[in-house]
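Chains, contacts and geometry: an overview
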Amino acid sequence: MRNILACVLCMCAVWAHPALSQTAAPQRAAPDKAQEVALFAKALQTVADNYVEAVDAGKLTDAALKAMLNSLDGHSAYMNAEEYREFDENLAGEFAGIGVVLEIADGWPRVISPTDGGPSARAGVASGWKIDTIDGKSAKGKTLQGTVRLLRGQIGTEVAVGFRDDQGKSHELTLVRDTIRLKSVYSRRLGDVGYLRITNFGARTADEFGNALAELYQEGPLTGAILDLRNNSGGFVRAAIALAGYFLEPGTVIVRQGRSLQDAAETKVVQANSLLTGVPVVVLINGGSASSAEILTGALRDNRRASILGLTSFGKGIVQGVFPLADGAQGAVTVTTVRYFTPDGQSIQKIGIAPDLAVARTSAEARAALTPNRTLSEASLANAMDNDQGLVREVPTEVEGPEPPAEGDPPTPPLFAEPVPDDAAITADFQIRRALDVLATGSVAAARESRPVKVYHAEKQVEDSASE
């Protein structure tokens, strides 16, 4: 079994309801597993013997397993052998496609995050955009794997994708498939501040992070660090746990995992790295920050090790295990095995992690964050597991952001159109600039007073909209 936070395994399936009989069927006692298997075999044989056309028993079994797993929650799923091979390709970190992490929401494929520097990111595709069409055909009702299969292909070939952004505007894009390499850590110095961008949590993320940090220190000590987890949709839990050792002291609780908080086991820092000891840290998050990214963010927040800045995270507080069947020859099942809780004991399932300072990259993003049901979150997934503590995702009452663009102003560059932001991208990125303010002043409260910035208020939505 591989214990991971599966970030895109939301699948779409439909149960077929039998016609109602004129007489009520007697209730049967709960059978054991052997009886359930026998029942399925009997139903399969009945269909094969009586359906008007010849049936493929393998396809029926595939569909039944997908529907069964899909009925549990938004992340449990069945992958057939071909889909499991594609899943392994993703873990290997290199494949050809358009560079998006997807989920299925309300029957439509939706972008959790574009891959840094990929064709979609370069074209300006953003988190939360839905896919309407692929090569002129509707994408509605397709499974996640079916969608991925249509978007992947030979390097250099084109695919026409119709997107719809979070404001309902259509974007017809022709994207050229390219090699997607999932390098997980990018870094650069911003004066004496180290900027470290983590795109996902893979098998080598902790090593890559250590190497990047060592390279930053070759140019001198750091007075602060920005850990950019925006659009990081997750990955291996163990990678997030290993990374926590760069920020926290040995013995510090990183995460609690169990079926409930009462039986949750603590995972603590075993081996720490001293390079960042005493260095102030700001973590950047947004609606595309999910699962393992939220584990690390929660650990740094609850241990008072970092200031959290940006927009509320995705809200995936459950962990999946991947169980190959017949060593993968018959596919695999992904099953939610435990909930996780932050060190202070909070479940973030469906509610996400709210930042200490709510900051948007653009004026449009600020207004969307202030509007209920306009932001990307776990709560929108089919059969999303409820928050077992009864917590509800809160909509902020105010969000900092840049001034609305004046007529003729160039559009804000897409987030991570290039893996590492250059000087121009840093200057244009309002969230990074505010993170630098927090480091320069020493606290979120001081940063609020350091220089005047525009603050968008929920009650001023109409007024602000008119000003654009």
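Worth saying up front: this structure is predicted, and the values here are computed from it rather than measured.

Topic: the pattern of salt bridges
Under the defined criterion, the tally for this structure stands at 19 salt bridges. The salt bridge involving Asp388 is made with Arg339; its shortest N-O contact spans 3.9 Å. Note that Asp388 is positioned in the loop between helix H9 (363–369) and strand E22 (398–401) and Arg339 in strand E20 (residues 332–341), a separation of 49 residues in sequence. Arg434 is the salt-bridge partner of Glu400, the closest N and O atoms lying 2.7 Å from each other. Here the residue Glu400 occupies a position in strand E22, and Arg434 occupies one in helix H11 (residues 430–441), the gap between them amounting to 34 residues. In this structure Glu400 comes out as buried when scored by relative accessible area, which is 6%. The exposure class assigned to Arg434 is buried, which follows from its relative accessible area of 0%.

Quick word on the nonpolar core
Where a protein is soluble and globular, its nonpolar side chains tend to be buried together. Formed by 42 residues in total, the largest nonpolar core has its most connected members in Phe201, Phe209, Leu227, Leu229, Phe247 and Val283. Dropping the residues within four chain positions of it, Val283 is found in contact with Leu227, Leu229, Thr297, Leu300, Ala306, Ser307, Ile308 and Leu309. The next biggest cluster of nonpolar side chains, apart from the first, holds 19 residues, and it includes Leu284, Leu415, Phe416 and Ala435.

Some thoughts on the pairing of strand E11 (residues 185–190)
A large share of E11 lies buried, amounting to five of its six residues. In this sheet, strand E12 (residues 193–198) lies alongside E11 in antiparallel orientation, the contact comprising six bridges. If you follow Val185 over to E12, its bridge partner there is Ile198. Connecting E11 to the next strand, E12, in antiparallel fashion are two residues, including Gly191 with a positive phi near 70°.

Rules of the game
Residues numbered from 1 in each chain as written. Predicted model: local features only at pLDDT ≥ 70, side-chain atom pairs only at ≥ 80, totals over all residues. Heavy atoms only, no water. Salt bridge = Lys/Arg side-chain N within 4 Å of Asp/Glu carboxyl O. Helix = DSSP H or I, 4+ residues; strand = E, 2+ residues; numbered from the N terminus. Buried < 20%, exposed > 50% of the residue type's maximum accessible area, 1.4 Å probe, protein only. Core = buried A, V, L, I, M, F, W, Y, C linked by side-chain atoms within 4.5 Å. Contact = heavy atoms within 4.5 Å. Pairing = 2+ DSSP bridges.

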